[in-house]
Amino acid sequence: MSGLRNMETACEEQSVNADGGVLVAGPASRALKGRVTVPGDKSMSHRAVMLASLADGTTEIHGFLPGEDNLATARMFMDMGVEIEWLNSEKTSLRVHGVGLRGLKQPSGILDAGNSGTCVRLMTGVLAGQPFSSTMTGDASLRQRPMKRVTDPVRRMGALIDGGDDGNLLPITVHGGALKAIHYVSEVASAQVKSCVLLAGLFAEGETTLVEPRPTRDHTERMLPLFGQPVHVDTDGMIRLTPTGKLTAPKDPVYIPADPSSASFFAVAATLVADSDIVLERIGMNPLRNGWSRILAGMNGQMELQNEGVVGEEAVADIHVVHRRLTGVQVNPADVPDAIDEFPVLFAAASLADGEFVLSEAEELRVKESDRIAVMARALMAAGADVDEYPDGVRIKGGALNGGCSVDAEGDHRIAMAMAVAAQCADAAISIRNAAAIATSFPGFVVLAQRLGMNVRWQDG
Ligand code: S3P
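As the structure is a prediction and not an experimental result, all values here were calculated from the model. Within any chain, residue numbers begin from 1 and follow the written order of that chain's sequence. Given that the model is predicted, a residue must reach a pLDDT of at least 70 before its local features are reported, and side-chain atom pairs must reach 80 or more before they are shown or counted; all residues, however, enter totals for whole chains, interfaces and linings. Note that the side-chain values use all heavy atoms of the structure and ignore hydrogens as well as water.

1. Considering the site of the ligand
Okay, so step 1: Only a single heavy atom is needed: when it lies within 4 Å of a molecule or strand, its residue is near that molecule or strand. Surrounding the ligand, one finds Lys42, Ser43, Arg47, Thr118, Ser190, Ala191, Gln192, Arg217, Ile340, Asp341 and Lys368.
Okay, so step 2: In the analysis that follows, any N or O atom pair within 3.5 Å is treated as a polar contact, provided that within protein one partner can donate a hydrogen and the other can accept it, and provided that, for residues neighboring in sequence, both atoms belong to side chains. The contact in question runs from an oxygen atom of the ligand to an N or O atom on the backbone of Gln192, over 2.9 Å.
Okay, so step 3: Between the ligand and Lys368 there is a distance of 2.7 Å, counted from an oxygen atom to a side-chain nitrogen or oxygen.
Okay, so step 4: Protein chains bury 96% of the 380 Å² of accessible surface belonging to the ligand in isolation. Under the convention used here, a 1.4 Å probe and the Shrake-Rupley method define accessible areas, while residue burial counts only the protein chains that appear.

In structure tokens form, the structure reads like this:
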């Protein structure tokens, strides 16, 4: 990890965890109580800094997530000549001096996406439209994740791609240039693929159209119009973008709601621990992100929305969560894309619920920051859970967790936090190795968790 990155992510996870980080969690000694605001939404933070960099004019962004993933995206644009002014030391507010759609400069070195799939896949669309070649790489996890899903469509639009396994593996070199619009039928329900194609479409000649097998998070479609670029969604779900030739910085600042994915860890923890009663403030309520709360409600969880409102083009609300005894559920496959990032913590909930939890048609979980089906199954079974693993999902017979074990988060932020939640209701503590990646999406997780009353700490030394 570079010294620069260490300086940029001055959060407690970072300083404690140069060596991989061991989290010691549970069992809870008291109920969770209080109100907290979790950091800004990761998906929207990526998009905000991308569109602001490509716009004419200066955009102010508030509520930005200063996690390593989003800082990697900001750094890529800085490497291509965009000036970013941080307006506070926490790096949650920034001013981006956009260079316009045609204003990026060829980077002098390799662009590093770190651990971030969203960064590298969306940037593939941006770089495909540039009149220069550029190379992107990432950390050991990202270098194993499939990129064909984005390199295929931009190749069809006219970009040339060099990369391992025929452009499927990082590092990839994108030789951008004149693009032509395509009609793209995506085989995978992925907002990253959709957003890559739409971003490339900004630079293409003609109307780019796209259909996805199931609707996925639509932050790109909602945010582009704030920058003067319309996106149409037909009644049959087809998405259409005719480039206007430029993006324009919005007059008003872009406000980013708190991240529902980060909120889900505390919502599940409060649901599990007896007598808990918490409020999670200003959470993004986009229905394509809140599958987890529908699934948790179907398991008998209780979440009440307060102060409902709208920020930019996105719904927000405070979520009031109280303890409930959970029951298992068969997850409706239609809910899978809307809860794709929250299955690790839902598996934790399932292992402590009465009855069976069954998930299918979720093979995408195997190509996230880790193989989340296998890694969660291993960790929960080590803690005493009864888990059957399938190629596309799991069956978890819930009840209780013994804990009293050491598990490996395998460098996956969401596995580490999900196991910290599970440990709250285990009979004995769980130590979670390789948990430092929490800093990629949720800087300050441990501090906020402790403030709510969770029993979790970084192991000394
Ligand atoms: C994201 C889309 C999802 C999600 C990821 C963020 C995005 O990935 O898992 O954490 O911001 O577009 P897929 O598009 O691969 O499903």
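2. Points about the environment of Met419
Okay, so step 1: By definition, any uninterrupted DSSP run of H or I lasting at least four residues is a helix, any uninterrupted run of E lasting at least two residues is a strand, and each is numbered from the N terminus. By the element assignment, Met419 lies in helix H14 (residues 413–423).
Okay, so step 2: Residue Met419 is classed as buried on the basis of its relative accessible area, which comes to 0%.
Okay, so step 3: Taking the C-alpha atoms as reference points, Met419 and Val345, 74 residues apart in sequence, are found 7.5 Å from one another.
Okay, so step 4: Discounting chain neighbours no more than four positions away, the residues touching Met419 are Met376, Ala379, Leu380, Val407, Ile430 and Ile432. Exposed residues in this analysis have more than 50% of their type's maximum accessible area, buried residues have under 20%, and partly exposed residues fall in between, with area computed by a 1.4 Å probe over protein chains only. Whether two residues touch is decided by their heavy atoms; if any such pair falls within 4.5 Å, the residues are in contact.

3. Some words on the packing of aromatic side chains
Okay, so step 1: Each pair of aromatic rings taken from Phe, Tyr and Trp, with Trp reduced to its six-membered ring, is defined by centres within 6.5 Å and is described as stacked if the planes are under 30 degrees apart, edge-to-face if over 60, and tilted in the remaining cases. What the rule picks out here adds up to seven aromatic pairs.
Okay, so step 2: Ring centres of Phe265 and Phe445 lie 6.4 Å apart, and the angle between their planes is 75°; this geometry places the pair in the edge-to-face category. Of this pair, Phe265 sits in helix H10 (residues 260–272) while Phe445 sits in helix H16 (residues 445–452), placing them 180 residues apart in sequence. In terms of burial, Phe265 and Phe445 fall into one category: buried.
Okay, so step 3: Look at Phe442 and Phe445: their rings are 5.4 Å apart centre to centre, the planes differ by 70°, and that puts the pair in the edge-to-face class.

4. Observations regarding the side chain of Asn168
Okay, so step 1: As for its placement among the helices and strands, Asn168 is situated in the loop between helix H7 (164–167) and strand S9 (169–175).
Okay, so step 2: For Asn168, a relative accessible area of 14% translates into the label buried.
Okay, so step 3: In this structure the side chain of Asn168 is engaged in a polar contact, spanning 2.7 Å, whose partner is the backbone nitrogen of Lys148.
Okay, so step 4: The contacts of Asn168, once residues within four sequence positions are left out, are Arg145, Pro146, Met147 and Lys148.

5. Things to note about the nonpolar core
Okay, so step 1: Here, nonpolar core means buried Ala, Val, Leu, Ile, Met, Phe, Trp, Tyr and Cys residues that are tied together by side-chain atoms lying within 4.5 Å of each other. Grouped together as the largest cluster of nonpolar side chains are 82 residues, with contacts concentrated most on Phe266, Phe357, Ile432 and Phe445.
Okay, so step 2: In this view, Ile432 contacts Gly21, Val22, Leu23, Ala25, Val407, Ala409, Ala416, Met419 and Ala420; residues no more than four positions away in its chain are not counted.
Okay, so step 3: Grouped together as the second largest cluster of nonpolar side chains are 66 residues, Leu71, Phe77, Ile182 and Leu241 included.

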